[in-house]
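One-letter residues, chain by chain:
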Amino acid sequence: MDSAVIKKYHFTEEEEKKLILREYRALLKGLKQRLKKGTRKLVRRAFEISVDAHKEMRRKSGEPYIMHPLAVARIVVEEIGLGVTSTICALLHDTVEDTEITLEDIEQEFGKNYAKIIDGLTKISHVVDLKSDTTEQAENFRKILLTLAEDPRVILIKLADRLHNMRTLDSMTREKQLKVSSETSYIYAPLAHRLGLYEIKSELEDLALKYTQPEVYAEIAQGLKETKRERSKYINEFIKPIKDELQNAGFEFDIYGRPKAIHSIWNKMRTKHVTFDEVFDLFAIRIILDSPSEKEKEDCWKVYSIVTNNYHPSIERLRDWVSVPKGNGYEALHTTVMGPAGKWVEVQIRTKRMNEIAEKGLAAHWKYKEGNTNPQESKLDAWLQHLRDILSSPDSDTLDFLQDFKLDLFTEEIYVYTPTGEMRVLPKNATALDFAFDIHSELGARCIGAKVNHKLVPISHLLNSGDQLEIISSSKQKPSEDWLSFVTTAKAKSRIKYYLKEEKRKKAELGKETLIRKLNNLGVSLTPHNINELCLYFKKPSSLDLFYAFSVGAIDIKELKEFAVHGDKLSQPIREVKLDTKLLVHEEDVIKQKPSKGAELIIFGESSDNIKYKLAQCCQPIPGDDVFGFVTSGEGLKIHRTDCPNASQLLANFGHRVVKTKWAKNKEISFLSGVKIIGLDDVGVIQKITNIISGVLKMNMRSLSIESKDGVFEGDIMVYVHDRDELDDLCTELLKLNGISKVERLEVQE
Ligand code: MN
């Protein structure tokens, strides 16, 4: 930010000061009722500290940096509805990260509570700003959720921070825009959704779309603009009779039509494969009632009745979130009715309180918490508790976790009951087993069946809203792999995976012991090198998988004998060419040059000298082959061919250990390689072959073995070549011989 290029921004210092003060006053104005005695001073102090700490910094747009924390604080107050503590933390949110201010300073000035929130904010920005491959993003997400479970204010301020950054993303580079936008739609928008911050969620999604798909965004925005007049006319016509009737009935209310968010229109176009003109519900009608809390529900239904007196409703599209609020606290009645000109129109009916919750979500819950025993409170608390549960699950596979969790974020909900009548919210498609895990993870693990509405059902039974369940369990029951196919909740999935992993770990321990014993017999121990060799040979992605395979008998322990032993090291069995003495005609001494040393390989991004590597025995690469480097745990860099039989397994499981490599041109060093040759047995064929290799091509041959059966012979030839071209030449020349039907590179391992 210090390297900002000032382009369109040009204010004098005086003007800047005025701008800053204007923002600050606006912030105080928004806080007004929430500013009690003494707290105004604290806000002032936070403002001053922040101004001073950021005084040398500017944003990419050129404006003074302090404008950012001020804007974030305003979002926190005006759009999320938080109070003084959050305002102060928003003002200070970037100080510890970017300036000289320390957490201790903040603690001294404001107290422990504040320092804790700022600490959370600093940690989040640390994790989020790192490189963003998927695993890392997943890990970030998990960390963000952890802080959420600690103090939701951290995540709310972070959302405000992100919203302001998205609103001002214009001045960033294209690359940064893409990165920030995808992170926003990947993490922050779903989170805002889950917390019930619908306004912020749609704005984040719209902005992300604007930067990731500018053309799509512009097209829809333009479409909305062009159809605005027509739409207003229709909305007025639709509203008129309802408005009159509501007034006659004595309601205090607001009624208006509201265009849907660009992102959600785009979603419709995409999922339903329709054009902009074909999206019928470009807007929804909202009726906001001013109702006393004891009459809320009754009034909403009265309004529903007035709406449906005028327009015919679609029964399937009635949503009653007044009687049973959504998991994130959302309350409203939604209905879709047939409007003028045969158009379906969605009508949303809410009270003022419900509307505030719809817009401000979590924060509004807090506001209404005092003296209100609305069930939504406990539901949100339950959700946070649920979150803590999942997060505390020791299963460390974050990517999996993220997938499951994201599914949880978006799915529709069903409501089911315990035998005592306690309501549980589960995602649609949840099964009896999900329910068991939801009650308690031990109950889930021991579940053998359930009674749904007093009828016995299997654990895979799909639940419906309104079902009442009793779980039947047995101490002998254990989770199994197939359970994963019929649970949907993140909690059940992560618990089952954890049990399975534990089970596997226990078995693997046994396998490890057996393996150690067997290796001892061979005179070697279980070193990282040996583990590595075994994993590669048996194609196991990890030592755990290797031990497990030995334990359950998936690998025959006898196969160990095939390994060569050098000192304390195992090495993989090379299918040595069988030397048939009768047919053996030529065997050169082993060439002195060792193929595993030298600098004939360039490793990108590093100086090409002094890099130690070995050529993998499994595919024996030579210069000219497409290769990649693989960082082994015991032996440094190993070079494999990209078409090596082990390649896909290595690339898929250990992508992070792969190094790009390329051969340098070098004709001084020879590499051992081989060809397989098949042809008709013919007198003198061996003579012809050796003549080509040693005479014509002047190559050094190490061995030649030929087996002949029923007039057909198969030969393996090992030669030293400088590169791939030479090997190809050899193949071409050999193919020209009479009676030779096939020549191919010899693969050590099939
Ligand atoms: Mn910030």
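Position labels on residues start from 1 in each chain and follow its written sequence. Reporting of local features is limited, given that this is a predicted model, to residues whose pLDDT is at least 70; pairs of side-chain atoms are given and counted only at 80 or more, and all residues count toward the totals for whole chains, interfaces and linings. As a rule here, side-chain values come from all non-hydrogen atoms in the structure, and water together with hydrogens is ignored.

Novice: So, the overall build of the chain: which residues are in play, and what are the values?
Specialist: In DSSP terms, a helix is any run of H or I states spanning at least four residues, a strand is any run of E spanning at least two, and both are numbered starting from the N terminus. Scanning the chain for helices and strands turns up 27 helices and 22 strands. In this description, contact between two residues means that some pair of their heavy atoms is separated by no more than 4.5 Å. Long-range pairs, those at least 24 residues apart, make up 68% of the contacts in the chain with a sequence separation of at least 6. For the chain, the accessible surface area stands at approximately 37,800 Å², while carbon and sulfur atoms represent 51% of it. In this description, accessible areas are obtained by the Shrake-Rupley approach with a 1.4 Å probe, and a residue is regarded as covered only by the protein chains that are shown.

Novice: Mind laying out the packing of aromatic side chains, listing which residues take part and the relevant values?
Specialist: Aromatic pairs are defined between Phe, Tyr and Trp rings, using the six-membered ring for Trp, whenever the two ring centres lie within 6.5 Å; interplanar angles under 30 degrees are classed as stacked, those over 60 as edge-to-face, and all others as tilted. On inspection of all chains with the given rule, the structure shows 10 aromatic pairs. On the basis of an interplanar angle of 65° and a centroid distance of 6.1 Å, the ring pair of Y234 and F283 is categorised as edge-to-face. Of this pair, Y234 sits in helix α13 (residues 228-248) while F283 sits in strand β2 (residues 283-289), and the two are 49 residues apart along the sequence. The burial state of Y234 is the same as that of F283; both residues are buried. Between the aromatic rings of W301 and Y304, the centroid separation amounts to 5.3 Å while the plane-to-plane angle is 75°, which identifies the pairing as edge-to-face. Taken as a pair, W301 and Y304 lie in helix α15 (residues 296-310) at a separation of three residues, close to a single helical turn. The cut-offs for exposure are 20% and 50% of the maximum accessible area for each residue type, with area from a 1.4 Å probe on protein chains only; residues under the lower value are buried, those over the upper are exposed, and the others partly exposed. Residue class for Y304 comes out buried when judged on its relative accessible area of 14%. In this scheme, the term charge over a ring applies when either NZ of a lysine or CZ of an arginine sits within 6 Å of the ring centre and within 35 degrees of the ring normal. Over the ring of W344 we find R317; its NZ or CZ atom is 5.5 Å from the centre of that ring. The ring centre of Y548 lies 5.3 Å from the NZ or CZ of K504, which sits over that ring.

Novice: Let's hear about the sheet that holds strand β11 (residues 469-473): which residues, and what values?
Specialist: Pairing between two strands is assigned when DSSP locates at least 2 bridges connecting them. Here three strands make up an open sheet; going across it, the order is β10-β9-β11 and the pairing antiparallel. The two strands at the open ends of the sheet, each matched to only one other strand, are β10 (455-457) and β11. Going from strand to strand, the sheet's axes swing by 30° on average, the running direction of each strand aside. Alignment of strand β9 (residues 447-452) against β10, held across three bridges, turns out to be antiparallel. Paired with A450 across the bridge in β10 is V457. Note on geometry: axes are lines fitted to C-alpha atoms, helical ones only across the stretch in contact, with angles between N-to-C directions running from 0 to 180 degrees. Relative to the sheet, helix α20 (residues 432-439) contacts β9 and β11, its axis offset from that of β11 by approximately 85°.

Novice: Could you give an account of unusual backbone geometry, with specific residues and numbers?
Specialist: Glycine aside, residues mostly have negative phi angles, and peptide bonds mostly take the trans form. A positive phi angle, close to 60°, is found at A341, a residue other than glycine. For N453, which is not glycine, the phi torsion reads 50° and is therefore positive. Relative to the elements of secondary structure, N453 occurs in the loop between β9 and β10. Residue classification places N453 among the partly exposed positions, given a relative accessible area of 40%.

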